[in-house]
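# Survey of secondary and tertiary structure
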Amino acid sequence: MRDINTCIIKGAGENYAHPQICFFHVIFKASALAFYILSALFFDSFVIIFVVTVLLAALDFWVVKNVSGRILVGLRWWNEINDEGESIWKFECLDQESLSRMNKKDSWLFWWTIYLTAALWLIFGIFSLIRFQADYVLVVGVCLTLSVANIVGFTKCRKDAKKQIQAFASQTIASRFSSTLQSAFTII
């Protein structure tokens, strides 16, 4: 019989398919938020607070966009500017079979943390406005913009992936139907 403590410890990490990616997905968000909250206790310089908080938020943006989004939910997005100066969103997703095998707990953690982080930045922004701290509104505004950019990018990407899956399913059904009809008429 296994020790109950071993089962509890193993059970906590077994549910995540990529626990290291989940850890870094959360730690970058938490570090930016924690530094912003605790920095007033340790630093008098707004410049240090601004630079470090925005740097941590930018690292979080990059990790979510380029690493955890691809691994935890199978989605990737980017934005290009064409020759006419128009913004074009580009999306990539795994194939249907790979998407169906994605770990639900990884996906849940990914989506909840990106929404929760944006909500917390919004709350900090409201508090900064109430306290008339325009400089801190700037910090929060940059961090909120980075968080919302990931939310918009991944939400559009998820919707695009669903459209691609539906189009593939419709195409597959139509081709099977036409091949069935064709084989029925060749028998006659």
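Here the residue numbering is sequential within each chain, running from 1 through the sequence in written order. For this predicted model, a pLDDT threshold of at least 70 governs which residues receive local features, and a threshold of 80 or more governs which side-chain atom pairs are given and counted, while totals over whole chains, interfaces and linings are taken from all residues. With hydrogens and water stripped out, all remaining heavy atoms of the structure feed into the side-chain values.

Time to look at the nonpolar core. A general trend in soluble globular proteins is that nonpolar side chains are found buried together. In terms of nonpolar packing, the biggest core is built from 29 residues, with Tyr36, Phe110, Trp111, Trp121 and Phe154 touching the most fellow members. In DSSP terms, a helix is any run of H or I states spanning at least four residues, a strand is any run of E spanning at least two, and both are numbered starting from the N terminus. For this core, the elements supplying multiple residues, two or more each, are helix 2 (19-42), helix 3 (46-72), strand 1 (75-81), helix 5 (104-130) and helix 6 (134-187). Tallying contributions element by element places helix 6 first for this core, with eight residues. In this description, contact between two residues means that some pair of their heavy atoms is separated by no more than 4.5 Å. If we ignore the near neighbours within four places in the chain, the residues touching Phe110 are His25, Val64, Ser68, Gly69, Leu72, Val73 and Phe154. Think of a nonpolar core as a cluster: buried Ala, Val, Leu, Ile, Met, Phe, Trp, Tyr and Cys residues, connected wherever their side-chain atoms sit within 4.5 Å. In this scheme, a residue with accessible area under 20% of its type's maximum is buried, one over 50% is exposed, and one in between is partly exposed, where area comes from a 1.4 Å probe on protein chains only.

On to the side chain of Ser147. By the element assignment, Ser147 lies in helix 6. Setting aside chain neighbours within four positions, we find Ser147 in contact with Thr117, Ala118 and Trp121.

Residues with a pLDDT of 70 or more make up 72% of the chain, whose mean pLDDT is 77. Residue-level confidence of the predictor is what pLDDT reports, using numbers from 0 through 100. The model gives residues 1-11 a pLDDT under 50, and that stretch makes two contacts with residues more than four places away or in other chains.

The next thing to look at is the packing of aromatic side chains. Any pair of Phe, Tyr and Trp rings, taking the six-membered ring for Trp, is counted once the centres come within 6.5 Å. Such a pair is stacked with planes under 30 degrees apart, edge-to-face with planes over 60 apart, and tilted for the rest. Under the criterion given, the structure shown has twelve aromatic pairs. Seen from their ring centres, Phe46 and Tyr136 are 5.4 Å apart, and the 80 degrees between their planes marks the pair as edge-to-face. Here Phe46 is found in helix 3, whereas its partner Tyr136 is found in helix 6, with 90 residues between them in sequence. The class for Phe46 is partly exposed, based on a relative accessible area of 25%.

Before going further, it helps to examine the UniProt feature "transmembrane region" (unreviewed entry) in the chain. UniProt positions are given in the numbering used here, feature names are shortened, and annotations may be inferred rather than shown by experiment. UniProt's entry tags residues 21-39, 45-64, 108-130 and 136-155 with the feature "transmembrane region" (unreviewed entry), counted in the numbering of this structure. The span residues 45-64 is 95% helix and 0% strand, and its two end C-alpha atoms sit 29 Å from each other. For residues 108-130, the end-to-end C-alpha separation is 33 Å, with 100% helix and 0% strand making up the annotated structure.

The bend reported for a residue corresponds to the angle between axes fitted to the seven residues ending at that residue and the seven starting there. Largest kink in helix 3: about 45 degrees, centred on Val64. The positive-phi residue at the C-terminal boundary of helix 3 is Gly74, with phi of around 70 degrees.

It is worth spelling out the packing of helix 2 against helix 5 at this point. If you want to describe how two helices pack, look at the angle between their axes and the distance between the axes. Think of each axis as a best-fit line through the C-alpha atoms, taken over the contacting stretch in the case of a helix, with angles from 0 to 180 degrees between the N-to-C directions. Put simply, helix 2 and helix 5 touch, their axes get as near as 10 Å, and they point 10 degrees apart. By the angle between their axes, helix 2 is roughly parallel relative to helix 5. Of helix 5, the residues touching helix 2 (which contributes Cys22, His25, Val26, Lys29, Ala32, Leu33, Tyr36 and Ile37) are Asp106, Leu109, Phe110, Thr113, Ile114, Thr117, Leu120, Trp121, Phe124 and Ser128. Gly falls in the polar group here, along with every residue not listed as nonpolar (Ala, Val, Leu, Ile, Met, Phe, Trp, Tyr, Cys, Pro) or charged (Asp, Glu, Lys, Arg). For the contact of helix 2 with helix 5, the class distribution of residues is twelve nonpolar, four polar and two charged. We call two directions roughly parallel when the angle between them is under 35 degrees, roughly antiparallel when it is over 145, roughly perpendicular when it lies between 65 and 115, and oblique otherwise.

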